Protein chains: 2
Amino acid sequence: MKKTDILKKLRSSGLRPTKQRVEIAKFLFEREKTFHFTVESLNRLLTKKSVSKIALATIYNTVHAFKTAGHLSEVEVRGNKTYFDTNVSNHHHFYDSETSELIDIDASDIVIQKIPKAPNGKKIKNVEVFINLKN
Amino acid sequence: MKKTDILKKLRSSGLRPTKQRVEIAKFLFEREKTFHFTVESLNRLLTKKSVSKIALATIYNTVHAFKTAGHLSEVEVRGNKTYFDTNVSNHHHFYDSETSELIDIDASDIVIQKIPKAPNGKKIKNVEVFINLKN
DNA sequence: TTTTCACTTTAGAATTATTATAAACTAGAA
DNA sequence: TTCTAGTTTATAATAATTCTAAAGTGAAAA
Ligand SMILES: [Mn+2]
Ligand SMILES: [Mn+2]
Ligand SMILES: [Zn+2]
Ligand SMILES: [Zn+2]
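We now turn to the structure provided with this report. For every chain, the first residue of the written sequence is number 1, and numbering continues from 1 along that sequence. Labels are handed out in written order, letters beginning with A for the chains and numbers beginning with 1 for the ligands. Two thresholds apply to this predicted model, a pLDDT of at least 70 for residue-level local features and 80 or more for giving and counting side-chain atom pairs, whereas whole-chain, interface and lining totals are computed over all residues. Derived side-chain values reflect all non-hydrogen atoms in the structure, with water molecules and hydrogen atoms excluded from consideration.

Focus: helix α3 (residues 39–49) of chain B
Okay, step 1: Summary of the burial criterion: residues with accessible area below 20% of their type's maximum are buried, those above 50% are exposed, and those between are partly exposed, where the area comes from a 1.4 Å probe applied to protein chains only. To qualify as a helix, a DSSP run of H or I must reach at least 4 residues; to qualify as a strand, a run of E must reach at least 2; elements of each kind are numbered from the N terminus. Taken together, the buried positions of α3(B) are occupied by V39(B), S41(B), L42(B), N43(B) and L46(B).
Okay, step 2: When checking whether two residues touch, look at their non-hydrogen atoms; a contact exists if any pair is within 4.5 Å. Buried-residue contacts for α3(B) involve α2 (19–29), β1 (36–38), α4 (56–69) and β3 (83–85) of chain B.

Rendered as structure tokens:
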């Protein structure tokens, strides 16, 4: 991902490209593979990596703005912390509770043969498959 | 579910059948259909239904003892609250985010045709399917 | 340029869910 | 009955997240 894309992500999230936000955005989006994180883990990694410390409130605000803009998604994981995902396409997850690690599964790698119809006047919005791992 | 079963559930959870615990257990298990709840919703319903108010700490403790004993399971739902489930068999869920309501799907009603193999030295512990509903 | 001001960052306070604590209470064995 | 381990409860503590309000910043207006 190029620098211009970072700026585009910020602008499309309604955010001015400040020093802190660019640093967060680069950390999140300038990578090959999907990145799964909690605000706490992101904060820890950012503090380790960068010179200037970014306030936790700024990280929360920026992450939420990206989520609202559709540049980050949220993954449901057991526990009290919220997990975010740089992969915003429809996909599934392996979860290793030993390491608290999420691993992406491409939507095409899971095929569901039989599924019940939605109740009453409802429709199916999306289907999430979560595969818990053990040793 | 009969009274003796309630006492059995309590005993097998390592809990003496006190007034409060019997009241909670009856409320949870003396019903036909599966019951999905948060500690907050359970507390609200118990307060409405019963004469004596049960301390929140007692509800937390009792629910956790039931969960540890395998009489309740936990369901991952978006948000910060923990959802519990009186259905402890392997099954799946519809989720209506409008009403925050979970609806059970029997394991046999979902058939997965293709699934990726577990990474490295890991095995699949279980597969949870979560179907989000919309109007 | 200097000024201006809307937008930002930040530390810390507030809120919410949950867990821990410790004192008063109770079931049930002795 | 008495005794005591186990229990209930109010309240404190903790943890994740959100709110607040004061100080900071930077681009555009004057
Ligand atoms: Mn969660
Ligand atoms: Mn949750
Ligand atoms: Zn993912
Ligand atoms: Zn269920």
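Examining the interface of chain B and chain A
Interface size, as often reported, equals the accessible area lost upon joining of the parts.
Okay, step 1: Opposite the 39 residues of chain B that make contact, chain A presents 39 residues.
Okay, step 2: The buried area of a pairing is the accessible area, by a 1.4 Å probe, that goes missing from both parts when the two are put together, added over both. When chain B packs against chain A, close to 3,700 Å² is buried across both sides, 54% of that on carbon and sulfur atoms.
Okay, step 3: Salt bridge criterion: a side-chain nitrogen from Lys or Arg within 4 Å of a carboxyl oxygen from Asp or Glu. As a salt-bridge pair, R78(A) and E76(B) come within 3.7 Å of each other at their nearest N and O atoms.
Okay, step 4: Under the rule applied, a polar contact is a pair of N or O atoms within 3.5 Å (in protein, one hydrogen donor and one hydrogen acceptor; residues adjacent in sequence only if both atoms are side-chain atoms). For the pair chain B and chain A, the interface holds 18 residue pairs in polar contact (both at pLDDT 80 or more).
Okay, step 5: Counting only elements with at least two residues in the side of chain B that touches chain A, the list comes to β2 (73–75), β4 (91–96), β5 (101–106), β6 (111–114) and β7 (123–134) of chain B.
Okay, step 6: Broken down by element, the side of chain B that touches chain A gets its largest block of residues, 12 residues, from β7(B).
Okay, step 7: Across three bridges, the pairing between strand β6 (residues 111–114) of chain A and β6(B) is antiparallel. Bridge pairing links K114(A) to V111(B) in β6(B). Only when DSSP finds a minimum of two bridges between them are two strands counted as paired.

Examining the coordination of the zinc ion (ligand 3)
Residue and element names in this part refer to chain A.
Okay, step 1: Here a donor is any nitrogen, oxygen or sulfur atom (N, O, S) within 2.8 Å of the metal, with 3.2 Å used for Na, K and Ca; water is not among the atoms considered, so some sites may look incomplete. Only H36 (NE2), D85 (OD), H91 (NE2), H93 (NE2) and D104 (OD) from the protein reach the zinc ion (ligand 3) as donors, at distances of 2.0 to 2.2 Å.
Okay, step 2: In primary sequence terms, the donor set of the zinc ion (ligand 3) follows H-x48-D-x5-H-x1-H-x10-D.
Okay, step 3: The exposure class assigned to D85 is buried, which follows from its relative accessible area of 0%.

Quick look at the protein's contact with DNA strand C
Okay, step 1: Close to DNA strand C lie 17 residues, the nearest being T18(A), Y60(B), H64(B), K81(B) and T82(B).
Okay, step 2: Put simply, a residue is near a molecule or strand once any heavy atom of it comes within 4 Å of that molecule or strand. Expressed as a percentage, the sugar and phosphate content of the atoms of DNA strand C within 4 Å of the protein is 85%.
Okay, step 3: Measuring from a phosphate oxygen of DNA strand C, one finds a backbone N or O atom of A55(A) at 3.0 Å.
Okay, step 4: At 3.2 Å from a phosphate oxygen of DNA strand C is found a side-chain nitrogen or oxygen belonging to T58(A).

Points about the pattern of salt bridges
Okay, step 1: Within the structure shown, the criterion is met by 12 salt bridges over all chains.
Okay, step 2: For K122(A), the salt bridge goes to D96(B), with nearest N and O atoms at 2.9 Å. Here the residue K122(A) occupies a position in the loop between β6 and β7 (123–134), and D96(B) occupies one in strand β4, the pair thus bridging two chains. An identical accessibility class is assigned to K122(A) and D96(B); each is buried.

Comments concerning helix α4 (residues 56–69) of chain A
All names here are of chain A.
Okay, step 1: Under the convention used throughout, the expected extent of a helix is 1.5 Å for every residue step, that is, one less than its residue count. Across its 14 residues, α4 extends 20 Å between first and last C-alpha, which sits within 8% of the 20 Å expected from 1.5 Å per residue.
Okay, step 2: Of the residues making up α4, those classed as buried are I59, T62, V63, A65 and F66. Viewed along the axis of α4, the buried residues span an arc of 160 degrees, placing them on a single side of the element. Of the exposed residues in α4, the ones pointing more than 90 degrees away from its buried face are N61 and T68. It is the directions from the helix axis to the C-beta atoms that the arc portrays.

Remarks on the sheet that holds β7(A)
Okay, step 1: One open sheet holds the six strands; their spatial order is β5(A)-β4(A)-β7(A)-β7(B)-β4(B)-β5(B), and the pairing between them is mixed. Two strands lie at the open edges of the sheet, namely β5 (101–106) of chain A together with β5 of chain B, each paired on one side alone. Mean inter-strand twist for the sheet, computed between neighbouring axes without regard to direction, equals 25 degrees.
Okay, step 2: Inspection of the sheet shows β7(A) paired to β7(B) by 11 bridges, in the antiparallel sense. Its bridge partner being in β7(B), L133(A) is matched across the sheet by I124(B). Lines are fitted to the C-alpha atoms to define the axes, a helix being fitted only along its stretch in contact, and any angle between axes, read from their N-to-C directions, falls within 0 to 180 degrees.

Notes on the sheet that holds strand β2 (residues 73–75) of chain A
Each strand in a sheet pairs with its neighbour through backbone hydrogen bonds, running either in the same direction (parallel) or in the opposite one (antiparallel).
All names here are of chain A.
Okay, step 1: Taken together, the three strands give an open sheet; going across it, the order is β1-β3-β2, and neighbouring strands pair in antiparallel fashion. Where the open sheet ends on each side, the last strands, each with one partner, are β1 (36–38) and β2. Each adjacent strand pair in this sheet contributes to an overall mean axis angle of 40 degrees, direction not counted.
Okay, step 2: Examined bridge by bridge, β2 and strand β3 (residues 83–85) share three bridges and lie antiparallel to one another.

So, the relation of the copies chain B and chain A
Okay, step 1: To superpose the copies, least squares is applied to the C-alpha atoms of every residue with a pLDDT of at least 70 in both. Once turned by 180 degrees and shifted 0.0 Å along the axis, chain B lies on chain A with an RMSD of 0.1 Å. Both copies of the chain, as the preceding transformation shows, are related through a two-fold rotation axis.
Okay, step 2: Looking at chain B, 100% of its interface residues are interface residues in chain A too, so the copies touch through the same face.

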